[in-house]
Amino acid sequence: MLVPLALVITGVLAGGLTLAKGSGIEADLADRSRAALQAAGINGGQVTFDGRAATLSGFPAERVVEAKNIVREVDGVSDVTLKADPEPTTAPPAPPSSSEPAPPPPPAPTTTTPVDEKAALQDEINQALAAEPITFVPDEATVTAAGQRAAKKLAELLKKAPPDAKFEVGGHVGQGPGGEKAALKLSQDRARNVARLLIRNGIPTNRITSKGYGDTQPSGDERRVEITVR
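Residues numbered from 1 in each chain as written. Predicted model: local features only at pLDDT ≥ 70, side-chain atom pairs only at ≥ 80, totals over all residues. Heavy atoms only, no water.

Colleague: Help me understand the overall build of the protein chain in this model?
Modeller: On a plain count of helices and strands, the protein chain comes out with 5 helices and 6 strands. Listing each helix as α and each strand as β along the protein chain from the N terminus yields α-β-β-α-β-α-α-β-α-β-β. Burial status across the protein chain gives 30% buried among its 230 residues. Considering only intrachain contacts with a sequence separation of at least 6, the fraction spanning at least 24 residues in the protein chain is 68%. Put simply, the protein chain shows about 14400 Å² of open surface, and 56% of that area lies on carbon and sulfur atoms. (Helix = DSSP H or I, 4+ residues; strand = E, 2+ residues; numbered from the N terminus. Buried < 20%, exposed > 50% of the residue type's maximum accessible area, 1.4 Å probe, protein only. Contact = heavy atoms within 4.5 Å. Areas by Shrake-Rupley, 256 points an atom, 1.4 Å probe, with all protein chains shown as cover.)

This is the structure:
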């Protein structure tokens, strides 16, 4: 069967327009992603697109989680993945002259492991709680005004977490006059109140749980709240 020449030309032109449109979308997403990263003061990495899916590489380890979340928020981006950058290999030495002994062989090349986003976020959470702990009215589960401000800041930090991350709010208290049962109940009530504050500040309910440990895990500060990334 003979295909009319006009149909063949139309098909070729349509295919070319589709490819050009796809390339234009990728370039636009890449430009807007780079602009968002520069506005946040994050430089030194690369952003590439395959369709609407972004790949990040070369960003500093301490800011890679923040970079991924910034690109994910760019309108039109469907997915963001990280690409581990290999460490540079040692160039082999020049061939020795006949009068010199042969040098040892160069070391075997190594590659970096992918950045553990959850571990990096856990470090940030621990540092934030150490600098500004969530505090309570003595012997009560009521969060102080300073504690509420600390919880609000912490919620902003948790929003940077990978989408599959979940959080446990753990309450810890020292054993008081009421004994072990009273300590357990107070720690549960405190953990539950902090979880509610985080939910009120934008953390989805299905990503956060609370648990009271009473005085079973003593530490330097027995009256504390910990956030654990799961």
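Colleague: I tried to follow the sheet that holds strand β3 (residues 79–83) on my own but got confused; where do I start?
Modeller: In a beta sheet, neighbouring strands pair by backbone hydrogen bonds and run either parallel or antiparallel. With respect to topology, 3 strands assemble into an open sheet ordered β1-β2-β3, the strand pairing being mixed. Among the strands making up the open sheet, the edge pair consists of β1 (46–50) and β3. Mean inter-strand twist for the sheet, computed between neighbouring axes without regard to direction, equals 25°. By the bridge criterion, 5 bridges tie strand β2 (residues 53–57) to β3 in an arrangement that is parallel. Across the sheet, the residue bridging to serine 57 is lysine 83, located in β3. Strands in contact with helix α2 (residues 64–72) are β2 and β3; relative to β3, the strand with the most contacts, it is inclined by about 150°. (Pairing = 2+ DSSP bridges. Axes fitted to C-alpha atoms, helices over the stretch in contact; angles between N-to-C directions.)

Colleague: Quick question: what am I supposed to make of helix α3 (residues 117–131) here?
Modeller: Residue pairs spaced three or four apart in an α-helix point in one direction, given the helix's 3.6 residues per turn. Under the 1.5 Å per step criterion, the end-to-end length of α3 is 21 Å for 15 residues, consistent within 8% with the ideal 21 Å. Listing the buried residues of α3 in full gives Glu117, Leu121, Gln122, Ile125 and Leu129. Mapping the buried residues of α3 onto a view down its axis gives an arc of 130°, with all of them on the same face. Opposite the buried face of α3, by more than 90 degrees, sit the exposed residues Gln127, Ala130 and Ala131. Looking at the buried side of α3, the elements it contacts are α2, β3, α4 (145–158), β4 (167–172) and β6 (224–229). The N-cap of α3, judged by a side-chain oxygen 3.2 Å from the amide nitrogen of lysine 118 a few residues on, is aspartate 116. (Expected span 1.5 Å × (residues − 1). Arc of directions from axis to C-beta. Polar contact = N/O pair within 3.5 Å; in protein donor to acceptor, adjacent residues only side chain to side chain.)

Colleague: Looking at this model, I keep getting lost on the sheet that holds β4. Mind explaining?
Modeller: Strand order in the open sheet made by the 3 strands is β5-β4-β6, with mixed pairing throughout. Looking at which strands have only one partner, the edges of the open sheet turn out to be β5 (208–212) and β6. This sheet shows a mean twist of 20° between the axes of neighbouring strands, independent of strand direction. For β4 and β6, the ladder comprises 6 bridges, and the chain directions are antiparallel. The residue of β6 that forms the bridge with glycine 170 is glutamate 226.

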